[in-house]
Amino acid sequence: MLSISIVVVRKFGPFVQYSWSFSTRFPAQALIAYPSKYNYRQTINDCAPFSAAAVIRIAKKEPVGSATIVQQTHWRLPNKHTPPWSLEAVIRNNRIGARGEVFGHMSDSDRIVWILSHLSQNQPMILLGKKDEALHYMTLVGYTKIGEEFRFHVYDSWHTKGEGGLTADDNAALPGNRTLTSDELMNFWREGGLFGMYQWYA
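Residues numbered from 1 in each chain as written. Predicted model: local features only at pLDDT ≥ 70, side-chain atom pairs only at ≥ 80, totals over all residues. Heavy atoms only, no water.

**Q** With reference to specific residues and values, describe unusual backbone geometry.
**A** One non-glycine residue, Lys61, lies in the positive phi region at around 55 degrees. By the element assignment, Lys61 lies in the loop between α1 (47-60) and α2 (66-72). A positive phi angle, close to 65 degrees, is found at Asn122, a residue other than glycine. (Helix = DSSP H or I, 4+ residues; strand = E, 2+ residues; numbered from the N terminus.)

**Q** Got a sec to walk through the packing of α1 against helix α3 (residues 84-92)? Specific residues and values, please.
**A** Orientation of α1 relative to α3, taken along the N-to-C sense of each, is 35 degrees, at an axis distance of 10 Å. When you trace α1 past α3, the crossing you get is right-handed. Facing α1, whose interface residues are Ala48, Ala52 and Ile56, α3 presents Leu87, Val90 and Ile91. A class-by-class count of the residues in the contact of α1 with α3 yields six nonpolar, no polar and no charged. (Axes fitted to C-alpha atoms, helices over the stretch in contact; angles between N-to-C directions. Left-handed = near helix turned anticlockwise from the far one by under 90°. Contact = heavy atoms within 4.5 Å. Nonpolar A, V, L, I, M, F, W, Y, C, P; charged D, E, K, R; others polar.)

**Q** Would you mind going over a nonpolar patch on the surface in detail, with residue names and values included?
**A** A contiguous nonpolar surface patch, about 450 Å² in accessible area, is contributed by Trp75, Trp85, Phe195 and Met197. Tracing the backbone shows Trp85 in helix α3. Using a relative accessible area of 34% as the deciding quantity, one classes Trp85 as partly exposed. (Patch = residues over 30% accessible without salt bridge, like charges linked within 9 Å, V, L, I, M, F, W, Y side chains within 5 Å. Areas by Shrake-Rupley, 256 points an atom, 1.4 Å probe, with all protein chains shown as cover. Salt bridge = Lys/Arg side-chain N within 4 Å of Asp/Glu carboxyl O. Buried < 20%, exposed > 50% of the residue type's maximum accessible area, 1.4 Å probe, protein only.)

**Q** Which residues make up the pattern of salt bridges, and what values go with them?
**A** Counted under the stated rule, the structure contains nine salt bridges. A salt bridge links Arg76 to Asp46; the shortest N-O distance between them is 2.6 Å. You can see Arg76 sitting in the loop between α2 and α3 and its partner Asp46 sitting in the loop between β3 (29-31) and α1, a full 30 residues away along the chain. For the residue pair Arg76 and Asp46, the accessibility class agrees, reading buried in each case. Residue Lys80 pairs with Asp46 through a salt bridge whose shortest N-O separation is 3.5 Å. In this pair, Lys80 sits in the loop between α2 and α3 while Asp46 sits in the loop between β3 and α1, placing the two residues 34 residues apart along the sequence. A relative accessible area of 35% means that Lys80 is categorised as partly exposed. One salt-bridge network, in which partners are shared between bridges, spans Asp46, Arg76 and Lys80.

Bear in mind that shape data such as this cannot, by itself, settle questions of function.
Written as structure tokens, this is what we have:
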């Protein structure tokens, strides 16, 4: 078990500031059930509804179609990009609690702890980052601690194209279709943002 401390210090506006002051223990591995048959490859600029569909499938334990969630995502930019508030709305409209936050005030190590706290409680997370010079959402579905390093298992709807409408699956028996180191995850996440806001959004 990994021992890390968490406490909320204060909240101002939509933002929360954290410090770490009491002990919480995390297991060395947390895996959220997400079968490889759900590793759907997105249609153009549909990473947000595909990521939302993953969270909805996990929460409802139902085979919700990604195309259905695309149709339910009503507020889109002209290029089909989905702003964070629209992503949250489509999840809430499926009767699942969703509240995005911005973690710009944290250090990378504190961001890792925050992610671990959610995944260890079987709560998937959607992060807004950048992939191949384009803004992109990915869904975290677990982690494994190997030595002193954490590896994060993600469902990336823009991963290498596979067969039958799916992505390639690099994770074998682990959930999701890719695994990232902590540094790789932070590098993806820090490049996100929209309209000069929403950097470090989850």
